[in-house]
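Spelled out from the first residue to the last, the chains are:
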Amino acid sequence: EGMALPPRIVFPPEKICMDWQQRQRPGAGLFNLGNTCYINVILQCLTYTPPLANYLLSYKHSQSCQQQGFCMMCTMEEHVRKVLCSPASAILPGAVLRDLKFIGEEFEYGRQENAYEFLRCTLSAMHRACLRGCHDLDISSQETTIVYQIFRGFMKSRVTCLSCQAVVDSYKAFLDVSLDIRVRASSLITVLEDCVTPKELDQKECFRCIKCKKKAAASKRVTVHRAPRVLTLCLERADQQTGTKISQFVEYPEYLDLRPYMSDTAGEPLLCSLYAIVVHSGDTCLEGHFLCYTKASNGLWYKMDDEFVDSCDIHTVLGQQAYLLFYAR
């Protein structure tokens, strides 16, 4: 049924900065050791996430980390520093590959996996690393991890009784949003508009109205109630019914205004800027190759295909068959 919306808790301003603290050329590419492209694209997209990179480059986590053995935050600190500061054109993400099982038990070295699943497991591992040593803190304090402060938002689900118009609201946290592109999939805007359009509940869902005290027809509307600092969107490319890959092009903008999809649509535009995308090439979702495009701290775009890093323009970026989209407030 969702959850009660927790209070807004924020880091002091100096701990989360949305703009790059250091501006430089793009960093190193990442070697592919055989079916590790799904790892490389996520590591690159996270490396070029400005608020996360700023935090990792500050060493604030490792300076106070007491964890013995594997720590995903310390691993990411070391990785981001190596990528952005190495004079080499490409490096090996050795620490991540070595500890792959600690990131997600389902990942098997040498086997092609899904980049989206690796992203979710990586963020979860980073969040867990931040919580270690915080067992004495209350729940609200534990919600202030850097991962949650950057990537987490809240959805609001409003169910309206079509008989008496009574409403029931619930909330659900998210670190990313999956979008069904089979319906009205010509552009990201139309997909988002469809998501926030009220839909009548299936009778099998058996909505019992709190006012009518009986089962009644109802509609449900889902909106973004609290936007994250970084919005991650997954355009679902795997058809759940047939298992085939959905290859159609979905247009997406460089700048996205979230305001029309918020619970409160009044107020100033809530602008987000595209800074990274992941692309999957291949005939099926079970095989193929992942590559990504990222915006470096110098403001320029680069195609990152494993160890190869090549400059490109925004028109090239916007013309891709995107799988994952990363937008920053």
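Refer to the preceding data block for the structure.
Residues numbered from 1 in each chain as written. Predicted model: local features only at pLDDT ≥ 70, side-chain atom pairs only at ≥ 80, totals over all residues. Heavy atoms only, no water.

Strand order across the open sheet formed by four strands is E4-E3-E7-E6, with antiparallel pairing between neighbours. Two strands bound the open sheet, and with one partner strand each, they are strand E4 (167–174) and strand E6 (199–200). (Pairing = 2+ DSSP bridges. Helix = DSSP H or I, 4+ residues; strand = E, 2+ residues; numbered from the N terminus.)

Further remarks concern the pattern of salt bridges. One pass over the full model with this rule turns up seven salt bridges. Where Glu 113 meets Arg 111, a salt bridge forms, and the shortest distance between an N and an O atom there is 2.8 Å. Relative accessible area serves as the criterion here: at 15%, Glu 113 is assigned to the buried category. We classify Arg 111 as partly exposed; its relative accessible area is 38%. Salt bridges linked by common partners bring Glu 108, Arg 111 and Glu 113 together as one network. (Salt bridge = Lys/Arg side-chain N within 4 Å of Asp/Glu carboxyl O. Buried < 20%, exposed > 50% of the residue type's maximum accessible area, 1.4 Å probe, protein only.)

Looking now at the environment of Val 80. Residue position: Val 80 is located in helix H3 (residues 72–85). C-alpha of Val 80 to C-alpha of Ala 53: the two residues are 27 residues apart in sequence and 7.0 Å apart in space. Ignoring any residue separated from it by four or fewer positions in sequence, one finds Val 80 in contact with Thr 47, Leu 56 and Leu 57. (Contact = heavy atoms within 4.5 Å.)

What follows deals with helix H2 (residues 50–57). With eight of eight residues buried, H2 is to be regarded as a mostly interior element. For H2, the full list of buried residues reads Pro 50, Pro 51, Leu 52, Ala 53, Asn 54, Tyr 55, Leu 56 and Leu 57. If you follow the buried residues of H2, they end up packed against helix H1 (37–47), H3, helix H6 (115–131), helix H8 (146–151), strand E8 (230–236) and strand E10 (271–281). Once H2 ends, the next one or two residues include Tyr 59, with phi positive near 60°.

We now examine the packing of H1 against H6. As a packed pair, H1 and H6 sit with axes 9 Å apart at the nearest point and diverge in direction by 50°. Overall, the two elements H1 and H6 adopt an arrangement that is oblique. The two elements H1 and H6 cross, and the hand of that crossing is right-handed. For the pair formed by H1 and H6, the contact residues are Tyr 38, Ile 39, Val 41, Ile 42 and Leu 46 on the first element and Ala 115, Phe 118, Leu 119, Thr 122 and Leu 123 on the second. A per-class count over the contact of H1 with H6 returns nine nonpolar, one polar and no charged. (Axes fitted to C-alpha atoms, helices over the stretch in contact; angles between N-to-C directions. Parallel < 35°, antiparallel > 145°, perpendicular 65-115°, else oblique. Left-handed = near helix turned anticlockwise from the far one by under 90°. Nonpolar A, V, L, I, M, F, W, Y, C, P; charged D, E, K, R; others polar.)

Among the eleven residues in E10, nine count as buried, and that is most of the element. Pairing of strand E9 (residues 255–257) with E10 involves three bridges; the strand directions are antiparallel. Note that in E10 the partner of Leu 256 across the bridge is Cys 272. Pairing of E10 with strand E14 (residues 322–328), which is carried by six bridges, proceeds in the antiparallel orientation. Across the sheet, Ala 276 pairs through a bridge with Phe 326, a residue of E14. Taken together, the six bridges between E10 and strand E11 (residues 289–295) define a ladder with antiparallel strand orientation. Bridge assignment links His 280 to a residue of E11, and that residue is Phe 290.

What follows covers the nonpolar core. Ile 42, Met 73, Phe 118, Val 278 and Leu 324 are the most contacted members of the largest nonpolar core, which totals 61 residues. At ten residues, the largest contribution of residues to this core is made by H6. When sequence neighbours within four positions are dropped, the list of residues in contact with Phe 118 reads Tyr 38, Ile 39, Ile 42, Val 96, Leu 100, Ile 103 and Phe 107. By size, the runner-up hydrophobic cluster in this structure holds 34 residues, among which are Leu 188, Ile 277, Leu 291 and Ile 314. (Core = buried A, V, L, I, M, F, W, Y, C linked by side-chain atoms within 4.5 Å.)

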